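Residues per chain are reported as follows:
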Amino acid sequence: MSDRVSVKVIAFALAGLGLSAPAPSAAQGVAGPYLAARHATIFSDFRAAADYYGQAIMKDPSNPALLESAAMSYIALGEVDKAAAVARRLDSLGVSSQIANMALLAEELKSESFDSVIESLENGLSIGEVMDPLIRAWSQIGAGRMSQAIEAFDELAQKEGMELFGLYHKAMALATVGDFESAAEILSGETAGPLNLTRRGIIAYAEVLSQLERNDDAIELLDEVFGDGLDAELERMRADLEDGEVLPFDSVRNAKDGAAEVFLVVANALSGETADSYTLLYSRIAEYLRPGHVDAILLSAGLLESLERYELATEAYNRIPREHPAFAAAELGRAEALRQSGKTEAAIEVMEQLTRLESDNPAVFVTLGDTLRGLERYDEATQAYDSALALFDEPQEPQWILYFARGITHERQQRWDEAEADFRKALDLRPGQPQVLNYLGYSFVEMGENYDEALTMIEAAVAAAPNSGYIIDSLGWVQFQLGRYDEAVVNLERAAELMAVDPVINDHLGDAYWAVGRVTEAEFQWKRALSFDPEEEEAARIRRKLEVGLDAVLTEEGEDPIRVTQSDG
């Protein structure tokens, strides 16, 4: 089922079920921890938020909104048992809360108290129009009532906007009890049309086909959907299918897994459509219900990275087993989280260790190279890119970006011949790529050579990326170097509109204004450029231009001065 199918239906069904933001009560001393908790929540600091809400609850134990906020923080941390304890307090107050209900149902599902789940739902506990019937149906399966579960899936499939949810989970349920023929019929689209399966759905379908001794069909499915874009897990699956192995059906093994799948499907559907902190609640509960669920862990880790909770993201990535095909991707995610949290050397160490474990994986060397390049450690970055390129038998179109990256490190190492060769190789693989055209063309301009070719390249780059301030700046600057000052002003003004706070672009525009005699405007632009914190060498040059003018600076540098074409008085 597509991640984006019926997203609006889900969002609508889940909206409005929580409590409004709490206001501190008159309880003695609650305002301080409450405000601290709210501040922590704004910055997604779930640990601090949980601690401060806990302090506030100690002072005001019957405040429903404080209790719900604490439960939400605990779920975001993956501490669903603690959230459930808080939720029971809310329930005892007679307060209905979607967040609390999620925690209560998760706890019952975790303990396989399926009849209790069904009773809770029948008594009015709800977590949303989409999820309630799915959780009820999987609980019926857990309680041994398969026929009632199938009826519930069918009933959901009859509702507008929810057809695919009902059909997908019905197929999973049938597969868990060994009815692979019926599951395959649904997943193939023969029952009610294509389901637009996600990656997880495709994997489940391939497992079903393999159980039916249809490995060739499973291989054809993977090739048709993913082509050459197989990740490590899919590559291993395809290799096993080619070897004639029967894939186990473990996408959903039992009723508790089915409930976890409900939360994960909704999390995937909401990802990118709602606040990451809200989506995280669903992926965390999926993890809780099925510990070690790699897809749920990776989703949680990615959401935590987006929320800039890098330590929590690192903890999540650490839970991916070394033997799992996704381990390399998880380690790269862990390295990025470490880098973002300021632990640069630790991040590099993770990647260097991974290059030894995954010595045939070019993505590992590329990521290491990109990180080192960002730290201006160009020699080491070049070595990483060399190692990545050595893993390919022959250059292919997707490798243009790798040649481009290595060209940059060569250029920064003052190895221009090798840099130019890499840039031109990147253009051979991806003709007309605007970033490469711009970088190579601008480099020629900075070196004072090949102006005509540079102009041609940059004009082509502008045509391909007409709203890129950096590229339009390059066009204006090459025109300036060619003495085409009026044209340069037009393009540099456009670049400054697009990149208003870039010091280099504002400096360039100041020079262009000077060249056409608009001295006052030139000085204004140079002052603007200084206000945007340019590099010290450039800042010193700008200050000198403000003191004596561009012509005098050029003369001091041994260059010919510009003949000002007009005066602004």
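These figures come from a predicted structure and were not determined experimentally.

1. Brief notes about the overall build of the protein chain
For the protein chain, the count of helices and strands is 32 helices and zero strands. Along the three orthogonal principal directions, the C-alpha set of the protein chain runs to about 90 × 70 × 45 Å. Evaluated residue by residue, the protein chain yields a buried proportion of 51% over its 569 residues. Carbon together with sulfur atoms contributes 47% to the accessible area of the protein chain, which is approximately 25,800 Å² in total. Of the side chains in the protein chain, 47 bear a positive and 100 a negative charge, and the two mean positions are spaced by 5 Å.

2. Notes on the pattern of salt bridges
On inspection of all chains with the given rule, the structure shows 41 salt bridges. Across the pair R199 and D231 runs a salt bridge whose closest N-O atoms are separated by 3.0 Å. A residue pair is termed long-range when its members are at least 10 positions apart, and R199 in helix α12 (residues 199-211) and D231 in the loop between α13 (215-226) and α14 (232-242) qualify at 32 residues. Residue D295 is joined to R200 by a salt bridge in which the shortest nitrogen-to-oxygen separation is 2.8 Å. Linking D295 in helix α17 (residues 294-306) with R200 in helix α12, this pair joins segments that are 95 residues apart in sequence. Per residue, the accessibility class of D295 equals that of R200, and both read buried. The structure contains a network of salt bridges with shared partners spanning R199, R200, D231, E233, E261 and D295.

3. Describing helix α28 (residues 485-498)
Helix length check: α28 (14 residues) gives 20 Å between terminal C-alpha atoms against 20 Å at 1.5 Å per residue, within 8%. If you check which residues of α28 are buried, you get Y485, A488, V489, N491, L492, A495 and A496. Buried-residue contacts for α28 involve α27 (469-481) and α29 (503-515).

4. Looking at the confidence of the model for the protein chain
Chain-level statistics for the protein chain give a pLDDT mean of 89 and a share of 93% at 70 or above. Across residues 15-22, where pLDDT falls below 50, the model places 20 contacts with residues more than four positions away in sequence or in other chains. Overall, residues 565-569 carries pLDDT values under 50, and its contacts beyond four positions in sequence, including any with other chains, amount to 12 contacts.

5. Some thoughts on the packing of α12 against α14
For the pair α12 and α14, the least separation of the axes is 12 Å and the interaxial angle reads 15°. One way to sum up the angle between α12 and α14 is to call them roughly parallel. In terms of crossing hand, the pair formed by α12 and α14 is left-handed. Judged by residue contacts, R199, I203, A206, E207 and S210 of α12 engage E233, L234, M237 and L241 from α14. A per-class count over the contact of α12 with α14 returns five nonpolar, one polar and three charged.

6. Observations concerning the packing of aromatic side chains
Under the criterion given, the structure shown has 13 aromatic pairs. Residues F180 and F249 carry aromatic rings whose centres are separated by 6.0 Å and whose planes lie at 65° to one another, so their mutual orientation is edge-to-face. Of this pair, F180 sits in helix α11 (residues 180-187) while F249 is found in the loop between α14 and α15 (255-270), placing the two residues 69 residues apart along the sequence. On the accessibility criterion, F180 (14% relative accessible area) is buried.

7. Observations concerning the side chain of D132
Mapping D132 onto the fold places it in helix α8 (residues 131-142). The side chain of D132 is buried and forms no salt bridge, while R136, the nearest opposite charge, is found at 5.9 Å. Apart from residues lying up to four places away in sequence, D132 is in contact with L121, L125, S126 and I127.

8. Points about the environment of A37
Structurally, A37 can be placed in helix α2 (residues 31-42). Residues A37 and E245, spaced 208 residues apart in sequence, show a C-alpha to C-alpha distance of 53 Å. Residues within four places of A37 in sequence aside, it is in contact with A49, Y52 and Y53.

9. Structural notes on unusual backbone geometry
Positioned with a positive phi, E213 is a non-glycine residue whose angle comes to about 60°. Its place among the elements puts E213 in the loop between α12 and α13. For E213, a relative accessible area of 73% translates into the label exposed. Of note, the phi angle at E376 is positive, near 65°, even though the residue is not glycine.

10. A few points about helix α20 (residues 344-357)
Between the first and last C-alpha of α20 there are 20 Å, a value that for 14 residues agrees with the 20 Å anticipated at 1.5 Å per step. Looking only at α20, the buried set comprises A347, I348, V350, M351, L354 and T355. Down the axis of α20, the buried set is contained in an arc of 155°. They therefore lie on one face. Away from the buried face of α20 by more than 90 degrees, exposed residues E345, R356 and L357 are located. Of the surrounding secondary structure, the elements contacted by the buried residues of α20 are α19 (327-340) and α21 (362-374).

11. Some points on the packing of α11 against α12
Interhelical geometry of α11 versus α12 gives an angle of 140° and a closest axis separation of 9 Å. Between α11 and α12, the interaxial angle falls into the category oblique. In this structure, the crossing between α11 and α12 has a hand that is left-handed. Counting all contacts with α11, which are made through F180, A183, A184 and L187, the residues of α12 involved are Y205, V208 and Q211.

12. As for the environment of Q399
Relative to the helices and strands, Q399 resides in the loop between α22 (378-390) and α23 (400-412). Sequence spacing of Q399 and L429 is 30 residues, and the spatial spacing of their C-alpha atoms is 7.4 Å. Those residues within four positions of Q399 in sequence are excluded, and the remaining contacts are L389, F392, E394 and L429. Of the polar contacts made by the side chain of Q399, one reaches the backbone oxygen of E394; its length is 3.5 Å.

13. Examining the nonpolar core
Of all hydrophobic cores here, the largest spans 119 residues; its most connected members are I135, W138, F153, M172, F263 and Y282. The element best represented in this core is α15, accounting for 10 residues. Among all residues touching I135, those that are not within four sequence positions of it are L109, V117, L121, I127, A259, V262 and F263. One finds L402, L492, I505 and I542 within the second-largest nonpolar core, a separate group that totals 70 residues.

14. Some points on the environment of K343
Structurally, the position occupied by K343 is in the loop between α19 and α20. When near neighbours in sequence (up to four residues on either side) are disregarded, K343 contacts E311 and L338.

About the criteria used
Residues numbered from 1 in each chain as written. Predicted model: local features only at pLDDT ≥ 70, side-chain atom pairs only at ≥ 80, totals over all residues. Heavy atoms only, no water. Helix = DSSP H or I, 4+ residues; strand = E, 2+ residues; numbered from the N terminus. Buried < 20%, exposed > 50% of the residue type's maximum accessible area, 1.4 Å probe, protein only. Areas by Shrake-Rupley, 256 points an atom, 1.4 Å probe, with all protein chains shown as cover. Lys, Arg positive; Asp, Glu negative; His and termini not counted. Charge placed at Lys NZ, Arg CZ, Asp CG, Glu CD. Salt bridge = Lys/Arg side-chain N within 4 Å of Asp/Glu carboxyl O. Expected span 1.5 Å × (residues − 1). Contact = heavy atoms within 4.5 Å. pLDDT = per-residue confidence, 0-100. Axes fitted to C-alpha atoms, helices over the stretch in contact; angles between N-to-C directions. Parallel < 35°, antiparallel > 145°, perpendicular 65-115°, else oblique. Left-handed = near helix turned anticlockwise from the far one by under 90°. Nonpolar A, V, L, I, M, F, W, Y, C, P; charged D, E, K, R; others polar. Phe/Tyr/Trp six-rings, centres within 6.5 Å; stacked < 30°, edge-to-face > 60°. Arc of directions from axis to C-beta. Polar contact = N/O pair within 3.5 Å; in protein donor to acceptor, adjacent residues only side chain to side chain. Core = buried A, V, L, I, M, F, W, Y, C linked by side-chain atoms within 4.5 Å.

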